[in-house]
Amino acid sequence: MARLPYADLTHPEVSPLVEQIVAERGSVLHLYQMLLQSPPVARGWLNHLTGIRHHNSLDGALREMVIMQIAHLNGAPYEADQHAPIALKEGMSQAQLDALPHWQDSDLFSDKERAVLAYTDSMTRQVQVPDAVFDAVRPFFEPRQLVELTATIATYNMVSRFLEALQIHSHDER
């Protein structure tokens, strides 16, 4: 059960945002129904996440691998529930999803994916990224993609922290 009540989706102040969310996402997920408690925050969040998810040059499978790893590292089951089907649709295998908690011991990931996972782990666990970790990921990306990768990792850490602080879960009644 979430720590705060979910927003009333029929309230006139949130109606335009509800329409935008439905148009862009198909429905109002628990995350957005909580964010709608503050329409200005919800609007900014929606625009930011749309940019990260839909308007960058990263490969979809790589993006979703990062998101799933962050969900695992941060103990964010809602994030994992929402993104596992997307990860599979984007080209990750179920075996790769299952191997993420122990990716270092798996041969299911390419050198590029391993460098990205090390970067994700470092940004998520320590915040500061050692030069060796950055130097390992850098050859795989142009500067724009490195910025997009870094922003994706930072953004989904924000998402998981928001979800877990307010105890937002897929099974919540709204």
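Refer to the structure above for everything that follows.
Residues numbered from 1 in each chain as written. Predicted model: local features only at pLDDT ≥ 70, side-chain atom pairs only at ≥ 80, totals over all residues. Heavy atoms only, no water.

Novice: Now, about the layout of surface pockets: what can you tell me, with residues and values included?
Specialist: Its boundaries defined by the atoms lining it, the largest pocket holds a volume of some 260 Å³. Around the largest pocket, the lining is made up of 16 residues, and of these Arg25, Leu29, Arg53, Gln82 and His83 lie nearest the centre. Only α1 (15-25), α2 (30-35), α3 (39-54), α5 (77-90) and α9 (143-165) provide two or more residues apiece to the lining of the largest pocket. Considering each element in turn, the lining of the largest pocket owes the most residues, five residues, to α5. (1 Å grid on protein atoms, 1.4 Å probe; cavity = no way out; pocket = protein on both sides within 12 Å on 5 of 7 lines; lining within 4 Å. Points joined across faces, edges and corners; volume = space filled by probe spheres on them. Helix = DSSP H or I, 4+ residues; strand = E, 2+ residues; numbered from the N terminus.)

Novice: Describe in detail the pattern of salt bridges, supporting the description with residues and values.
Specialist: Following the criterion strictly, the structure yields six salt bridges and no others. Put simply, Arg63 and Glu90 hold a salt bridge, and the shortest N to O gap is 3.5 Å. Of this pair, Arg63 sits in helix α4 (residues 60-74) while Glu90 sits in helix α5, and the two are 27 residues apart along the sequence. What makes Arg63 buried here is its relative accessible area of 7%. Across the pair Asp121 and Arg125 runs a salt bridge, and its minimum N-O distance is 3.9 Å. (Salt bridge = Lys/Arg side-chain N within 4 Å of Asp/Glu carboxyl O. Buried < 20%, exposed > 50% of the residue type's maximum accessible area, 1.4 Å probe, protein only.)

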